[in-house]
Amino acid sequence: MRELIYLTVALPLLGFLINGIFGNRIKNEKVIGLIGSSTIGISFIVTLLAFFETLSLPTDQRQLIVSLFTWLKVGGLDVSFAYQVDQLSLVMALIVTGVGFIIHVYSIGYMHGDKSFWRFFAYLNLFIFAMMNLILADNFVLLFLGWEGVGLCSYLLIGFWYDRRFEKSTTADAAKKAFIVNRIGDFGFLLGMFLIFLTFGSLNFNEVFSRANTFSVSTATYGFIALFLFIGATGKSAQIPLYVWLPDAMAGPTPVSALIHAATMVTAGVYMVARCSIIFASAPDIMMVVAIIGIMTSFFAATIGLVQNDIKKVLAYSTVSQLGYMFLAMGVGAFGAGIFHVMTHAFFKALLFLGAGSVIHAMHEEQDIQKYGGLKRYMPHTAITFLIAALAISGIPPLSGFFSKDEILWYSYSNFGIIFWLAGVITALMTAFYMFRLYFLTFEGKERFGHNKHPHESPKVMTVPLIVLAVLSVIGGFIGIPEVFSGEHGNQFHNWLSPIFADAERKIMQFGFHTHFAEILLMVISVLVAVASIFFARYVYLKSPIIAENFSKRFAGLHKTLWNKYYVDEFYDAVIVNPIVVVSKNVFWKFTDGKIIDGLNHFIANLLDSLGASLRKFQNGIAQFYALIMVFGIAITLFWIIMSF
Amino acid sequence: MNITIEYYMILSAFMFVVGIAGVLTRRNAIIVFMCIELMLNSANLTLVAFSSYLGSSVGQLFVFFVMTVAAAEAAVGLAIIIAIFRNKLTVNIDDINILKW
């Protein structure tokens, strides 16, 4: 099945074409939903079969390149449409097609009755197509094709309800913001690609990475390449300073938030860093930058999440925060742990978003958690699955989030020291707190909604995906049980990925020696912190809500800052957006365009106009005058001809 | 007295110039029209003269063409003049100067 991996790319494209071209005429939601979901479902099966086939092979035969055709061949540049099937791409492909399929099915219920049902599924399929290109690419150019493709789909889907209002403007503005911020990151990525081609003379992954092992390249060059690539990753994966688009991306339909802005697309940056691990490992300074950006993003996004009242906003900042964790893992050299967290996060964050979608659906598009409360009675399935996801993200054993998160924390401690670990644990504390604030305010306590709302459990087509994801969130972590528990076999997930990261891990500093006792101790501390945080949230939001009010009154300044997200959007508006707008308007538009370019055109037009004005005096309408001119003309011509003999 | 080709040429040129002068100076459309016929016929005279002078029949053939065209042109031209007269109640070409900017 490995040779057929291109099907996983071709089928979503086919689904996109069918739904995109004929969807308008099909009209039947069931048919459209079936086409949209089944293409992804079959892709998932193909990926799964390819995975098992790879699993049965010995380690050194697990990498396969499926070459389709040559795409670009110019000078030394040779780019083909070739897909790489290896341990890393298979893991990502399983996540994307698996979670993607579940969310497609869920969308059939969620988007029911939407006037552009077909357009939604066409875009979703296009997204999977682009994402699979990104993951399976065997060279940077094809990866970039997918990279831009998912950005485009993100734009299209954020602005899917382009006629709806979103906060102070419209969803179309949120879509534009996402696209433009991503473009800034993409610029860095492009520079990185140019520099790679300049340094290694190829853009093929295998060639570049093997040359990175053998060529003697200065650390500074590696540093620039890694930095540029990382700038690309900060755009796509919503890290400081380019994370601002992700919270606004919640303007899109909730399944989109689940699939693109939580589970898959935003992890593309993490995947790319992991894929280029050898380059990053060769630039220790940039690794440090990655780790610092990661932990800072993680920390600050979590603090913002503490006070937000929009259910999707909280989840959005939680996503930014968890992505920060993944970059922390990349930065400290725990590539396997980072990818592990990508996987578990895809399960529980998709589940959280789909649960939120179910709630929003039941509450008639209400998103303010202060206007929920006591929903557990009305929608038990949603409540229980949401609770499981919240426990998983809080890192409660033995749910999936515990394994991946603690592994990252452990590596940050053993590689980079106590500060990183501490920041990570505080973030975990805040994560547990805001997740359970969300849970308690939504599902427990008194009902705070009006009588005009009639919450109800969502249809099966929506709850079954929730349950599947809940099961995955529970058991997903067991494939990566840390060595300290599993004994001699070690961490299965790591063993699977280790050939990919072997070169990189050899290059970075040796892991410090730490006892198993320390590892278990740190684990216990972080779990205790999370549990305490959950009970604290329960106390604050269920028993005596007055505490929260008093607290926000006493620290009014801090609360206001967090509520306004540290005024980062305002800061960007004042420092970057407005100056660009003002300069564009007054200089580029009114002066350059208005005066110089238009001025030149007007000058030429006016010149011809005045010339014409004097010439048209000859057109006086008297036929005899014309005849006279003609006679003179003929006479002169004849005279000239005769004289020239 | 032998009538040489020059005589024909001079007569033809004279007729042609009279025609041109009429076309350029007269204001009555019918007269302008007749002057155009005069010019055509002066050209015919030239053609016939050269035909005889060169001993070739081509010139004479050509004259028939010119006469055919002149007849057709006369029919169309007169029709136009009548149409203009019906519209404007005049054939004075100073009053028919609508072809201007």
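Asker: Pulling in residues and values, what's your account of the overall build of chain B?
Answerer: Per the secondary structure count, chain B includes three helices and zero strands. When its helices and strands are written in sequence order, chain B yields α-α-α. On C-alpha atoms alone, chain B measures out to a radius of gyration of 17 Å, which is more than a quarter above the 13 Å that the 2.2 N^0.38 rule sets for 101 residues. Expressed along its principal axes, the backbone C-alpha trace of chain B runs to roughly 50 × 25 × 25 Å.

Asker: So what's going on with the overall build of chain A? Residues and values would help.
Answerer: Scanning chain A for helices and strands turns up 26 helices and four strands. Along the first, second and third principal axes, the C-alpha atoms of chain A reach 115 × 70 × 50 Å. Across the 645 residues in chain A, those meeting the buried criterion constitute 49%.

Asker: Which residues make up the packing of helix α15 (residues 335–362) of chain A against helix α21 (residues 492–507) of chain A, and what values do they have?
Answerer: Residue and element names in this part refer to chain A. The interhelical angle for the contact between α15 and α21, taken along N-to-C directions, is 130°, at an axis separation of 9 Å. Of the possible angle classes, the one that applies to α15 and α21 is oblique. As for how α15 packs across α21, the hand of that crossing is right-handed. Across the interface between the two elements, Phe335, Gly336, Ile339 and Phe340 of α15 pack against Phe493, His494, Leu497, Phe501 and Ala504 of α21. Residue composition of the contact of α15 with α21, by class: seven nonpolar, two polar and no charged.

Asker: Could you give an account of unusual backbone geometry, with specific residues and numbers?
Answerer: Residue and element names in this part refer to chain A. Backbone torsion omega between Ile240 and Pro241 reads 5°, so that peptide bond is classified as cis. Positionally, Pro241 belongs in the loop between α8 (219–236) and α9 (245–248). Of the consecutive residues Pro397 and Pro398, the connecting peptide bond is found in the cis state with omega at 0°. Mapped onto the elements of the fold, Pro398 is located in the loop between α16 (380–394) and α17 (400–416). Residue Glu365 is not a glycine yet carries a positive backbone phi of 70°. Relative to the helices and strands, Glu365 is located in the loop between α15 and α16. Judged by the 7 C-beta atoms lying within 10 Å of it, Glu365 falls in the exposed class. The backbone of Tyr567 sits at a positive phi, close to 55°, despite the residue not being glycine. Along the polypeptide, Tyr567 turns up in the loop between α24 (556–563) and α25 (568–615). What makes Tyr567 exposed here is the crowd of 12 C-beta atoms within 10 Å.

Asker: Talk me through the pairing of strand β1 (residues 64–74) of chain A; I want residue IDs and the actual numbers.
Answerer: Residue and element names in this part refer to chain A. Among the eleven residues in β1, zero count as buried, and that is only a small part of the element. Direction of pairing for β1 relative to strand β2 (residues 77–85): antiparallel, over a ladder of nine bridges. Residue Ser67 lies in a different strand from β2, and its bridge partner there is Ala82. Between β1 and β2, which pair antiparallel in sequence order, lie two residues; one of them, Gly75, sits at a positive phi of approximately 55°.

Asker: Which residues make up the environment of Gly59 of chain B, and what values do they have?
Answerer: Residue and element names in this part refer to chain B. Of note, Gly59 is situated in helix α3 (residues 58–88). You can call Gly59 partly exposed: it has 17 C-beta atoms within 10 Å. For the pair formed by Gly59 and Met34, sequence separation is 25 residues and the distance between their alpha carbons is 23 Å. When sequence neighbours within four positions are dropped, the list of residues in contact with Gly59 reads Leu47, Val48, Phe50 and Ser51.

Asker: Lay out the environment of Ser282 of chain A with the relevant residues and their values.
Answerer: Position of Ser282 of chain A among the secondary structure elements: in the loop between α12 (277–281) and α13 (284–305). Remark: the alpha-carbon pair of Ser282 of chain A and Ile525 of chain A, spanning 243 residues in sequence, is separated by 33 Å.

Asker: Got a sec to walk through helix α22 (residues 516–543) of chain A? Specific residues and values, please.
Answerer: Because an α-helix completes one turn every 3.6 residues, residues spaced three or four positions apart along the sequence face the same direction. All names here are of chain A. The end-to-end C-alpha distance of α22 is 39 Å, a good match for the 40 Å that 28 residues give at a rise of 1.5 Å each. Taken together, the buried positions of α22 are occupied by Glu519, Met523, Ser526, Ala530, Ser533, Ile534, Ala537 and Tyr541. Elements in contact with the buried residues of α22: α16, α17, α18 (418–443), α20 (483–486) and α23 (546–554).

Asker: I'd like to hear about the confidence of the model for chain B, residue by residue, with values.
Answerer: Across chain B, the average pLDDT comes to 89, with 96% of residues at or above 70. The complex prediction reports pTM at 0.81, with the ipTM value standing at 0.76.

Asker: Tell me what's going on with α16 of chain A, and back it up with residues and numbers.
Answerer: Residue and element names in this part refer to chain A. Its 15 residues place the ends of α16 21 Å apart at the C-alpha level, agreeing with the 21 Å of an ideal helix rising 1.5 Å per residue. The buried fraction of α16 amounts to eleven of the 15 residues, a majority that puts the element mostly inside the structure. Among all positions in α16, only Thr382, Ala383, Thr385, Phe386, Ile388, Ala389, Ala390, Leu391, Ala392, Ile393 and Ser394 are buried. Residues of α16 that are buried in the fold lie against α14 (311–331), α15, α17, α18, α19 (460–475) and α22.

Quick notes on the rules
Residues numbered from 1 in each chain as written. Chains lettered and ligands numbered in written order. Predicted model: local features only at pLDDT ≥ 70, side-chain atom pairs only at ≥ 80, totals over all residues. Helix = DSSP H or I, 4+ residues; strand = E, 2+ residues; numbered from the N terminus. Rg over C-alpha atoms; globule rule 2.2 N^0.38 Å. Buried ≥ 20, exposed ≤ 12 C-beta atoms within 10 Å, placed from the backbone. Axes fitted to C-alpha atoms, helices over the stretch in contact; angles between N-to-C directions. Parallel < 35°, antiparallel > 145°, perpendicular 65-115°, else oblique. Left-handed = near helix turned anticlockwise from the far one by under 90°. Contact = placed C-beta atoms within 7 Å. Nonpolar A, V, L, I, M, F, W, Y, C, P; charged D, E, K, R; others polar. Pairing = 2+ DSSP bridges. Expected span 1.5 Å × (residues − 1). pLDDT = per-residue confidence, 0-100.

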